[in-house]
Amino acid sequence: MDLVEPVAGSRPARCGRSVAAVAGVLAVAALVSGCGGADGRTAAGAADGQSGGAGGYPVTVTDCDGRRTTFSEAPRKIVTSNAASLEMLLRLGAGDRVFGTGFPPGKGALPPELDARAQRVPVLGKTVIPKEKLLGSGADVYIDTFASMGAMGGAAAGPTEEEFAAAGIKHVYLASTACAPRKKVPQQDLSAVEGDIRRLGQLTGTSRRAVHLVAEMEKKVSSVRTALADVPAAQRPSYFFFDFDAGTKQPVAVCNRQVANAVLTEAGAQNVFADCASDFRPVSWEDVVAKNPDWIQLGVRNRGSAAATEKAFDEAAKFLREFPATAGLRAVREGKFLRIGSEQTTIAGVGNADTVRRIAATLYPDRLAGAGAGAGAGAAAGTGSRAGH
């Protein structure tokens, strides 16, 4: 769903951006136009249709390859591919229409107000939803986070567009995740994530809520931008996202097409693998050592309880201290670790804005102290912190 809808009062040059005044954008047009960059900055093409009918329908969206899909009404039965689109729909107030998901969020992975509802959503696949189960689900629409099902652990390729159509399922992508790896520019801000939230709001008839969520995200990130505005790029600290759960034999780098690159960039960090034109890529420990990052984020996935997750953070830090290749890294010697979970950093969602502020408050505590970054955000650094996940 690599598109951005025209929104009254929005800034056309930043097609994924929220507006400054929420009141001026509640009348969201029910059209979607192309967005040329992975970060949603470049608008391209004309609107796909015209608004009509109650609730702003029909709504037309265009996928990563330019295929158009029109919704004459809000979908009643939604299946999500993973926790990213599921969380967005829950936050939009459309969670009661989600009757199946793949890659379900672990217990406690989402904020408490969403977790209980997320756990009630039927799991159609612990990883990728099997093709036959997805096509036979009876869904009106499938919200797809992935560019390739096979690449995400599926035993085989997912359904073709023809198979989706034959099953009566409309196939919609998240631009910030499925389309971004194929773009020619990095994700350096959260505009693509914000665009996804607004588009899901349009599709589900919850645009008012979507505009509010995006405005809140932009407010948080803007405060960081303001605080760091005069920090030269060359003086921003280097940063390595250590995906502990991806395995320690060969590290997996977060590249510049991944949502995490946008999070780190907005937080005033320099992703040490920002020169990698992909979303994720296996690298070597020699590559990491050559980068010698100033800070390392211990990318640990939620374990279902605070104690278990904290133990995983401890294990990740211990590995870096004891592994000969990493023991001498500057960040390891100085204990400059951030205990911020993988989900809030690498999975697109409203929480990305909070992660921007938590990272920035750790890297620039003096600058962010008065910027409303949140109590305790700076405590993310250090091996004995209890920054959470």
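Please refer to the structure placed before this passage.
Scoring rules and cut-offs
Residues numbered from 1 in each chain as written. Predicted model: local features only at pLDDT ≥ 70, side-chain atom pairs only at ≥ 80, totals over all residues. Heavy atoms only, no water. Helix = DSSP H or I, 4+ residues; strand = E, 2+ residues; numbered from the N terminus. Buried < 20%, exposed > 50% of the residue type's maximum accessible area, 1.4 Å probe, protein only. Contact = heavy atoms within 4.5 Å. Areas by Shrake-Rupley, 256 points an atom, 1.4 Å probe, with all protein chains shown as cover. Pairing = 2+ DSSP bridges. Disulfide = S-S within 2.5 Å. Salt bridge = Lys/Arg side-chain N within 4 Å of Asp/Glu carboxyl O. Expected span 1.5 Å × (residues − 1). Axes fitted to C-alpha atoms, helices over the stretch in contact; angles between N-to-C directions. Parallel < 35°, antiparallel > 145°, perpendicular 65-115°, else oblique. Left-handed = near helix turned anticlockwise from the far one by under 90°. Nonpolar A, V, L, I, M, F, W, Y, C, P; charged D, E, K, R; others polar.

## Digging into the overall build of the protein
Logical step 1: Scanning the protein for helices and strands turns up 14 helices and 16 strands.
Logical step 2: Taken over 389 residues, the protein has a buried fraction of 55%.
Logical step 3: Once local pairs closer than 6 in sequence are excluded, the contacts in the protein between residues at least 24 apart make up 69%.
Logical step 4: Carbon and sulfur atoms make up 53% of the accessible area of the protein, which amounts to about 15,400 Å² in all.

## Let's talk about the sheet that holds strand β11 (residues 238–243)
Logical step 1: Pairing in this open sheet of four strands is parallel, and the strands run β13-β11-β15-β16 from one edge to the other. At either end of the open sheet lies a strand with only one pairing partner, and these are β13 (270–271) and β16 (337–338).

## Examining the state of the cysteines
Logical step 1: Going through the model one piece at a time under the given rule, you end up with two disulfides.
Logical step 2: The side chain of Cys64 participates in a disulfide bridge whose partner is Cys179; the two sulfur atoms lie 1.9 Å from each other. Because the torsion about its S-S bond is -75°, the bridge between Cys64 and Cys179 counts as left-handed. With a gap of 115 residues between them, Cys64 in the loop between β4 (59–62) and β5 (68–71) and Cys179 in helix α5 (residues 175–179) connect regions that are remote in the sequence.
Logical step 3: Residue classification places Cys64 among the buried residues on the basis of a relative accessible area of 16%.
Logical step 4: Taking the relative accessible area as the measure of exposure, Cys179 reaches 1% and is therefore buried.
Logical step 5: A sulfur-sulfur separation of 2.0 Å characterises the disulfide bridge that pairs Cys255 with Cys276. Between Cys255 and Cys276, the S-S dihedral sits near 65°, and the bridge is therefore right-handed.

## Let's talk about the pattern of salt bridges
Logical step 1: A full pass over the atoms with the stated rule returns 19 salt bridges.
Logical step 2: For Asp63, the salt bridge goes to Arg67, with nearest N and O atoms at 2.8 Å.
Logical step 3: Of the residues examined, Asp63 reaches a relative accessible area of 8% and is grouped as buried.
Logical step 4: Take Arg67: its relative accessible area is 37%, and that puts it in the partly exposed class.
Logical step 5: Among the ionic contacts, a cluster of salt bridges with common partners joins Asp63, Asp65, Arg67, Glu161 and Arg182.

## Structural notes on helix α6 (residues 191–204)
Logical step 1: With 14 residues, α6 ought to run about 20 Å at 1.5 Å a step, and its terminal C-alpha atoms sit 20 Å apart, in line with that.
Logical step 2: When you tally the buried positions in α6, you get 14 out of 14 residues, the bulk of the element.
Logical step 3: Among the residues trailing α6, Gly205 stands out with phi positive, at a value near 75°.

## Here's the deal with the packing of helix α1 (residues 83–92) against helix α2 (residues 112–119)
Logical step 1: Packing of α1 against α2 brings their axes to within 10 Å, and their N-to-C directions diverge by 115°. Between α1 and α2, the angle falls in the class roughly perpendicular. Relative to α2, α1 is oriented so that their crossing is right-handed. Residue-level contacts link Leu86, Glu87, Leu90 and Arg91 of α1 to Glu113, Leu114, Arg117 and Ala118 of α2.
Logical step 2: For the contact of α1 with α2, the residue count by class is four nonpolar, no polar and four charged.

## Topic: the sheet that holds strand β6 (residues 78–80)
Logical step 1: In space, the five strands of this open sheet follow the order β8-β7-β6-β9-β10, with parallel pairing throughout. Both outer strands of the open sheet, β8 (123–125) and β10 (170–173), are each paired with one neighbouring strand and no more. Direction aside, neighbouring strands of the sheet carry axes that sit 25° apart on average.
Logical step 2: The pairing of strand β9 (residues 141–144) with β10 spans four bridges and is classified as parallel. Paired with Val141 across the strands is Lys170, a residue of β10.

Fair warning: the whole summary comes from geometry, so function is off the table for now.
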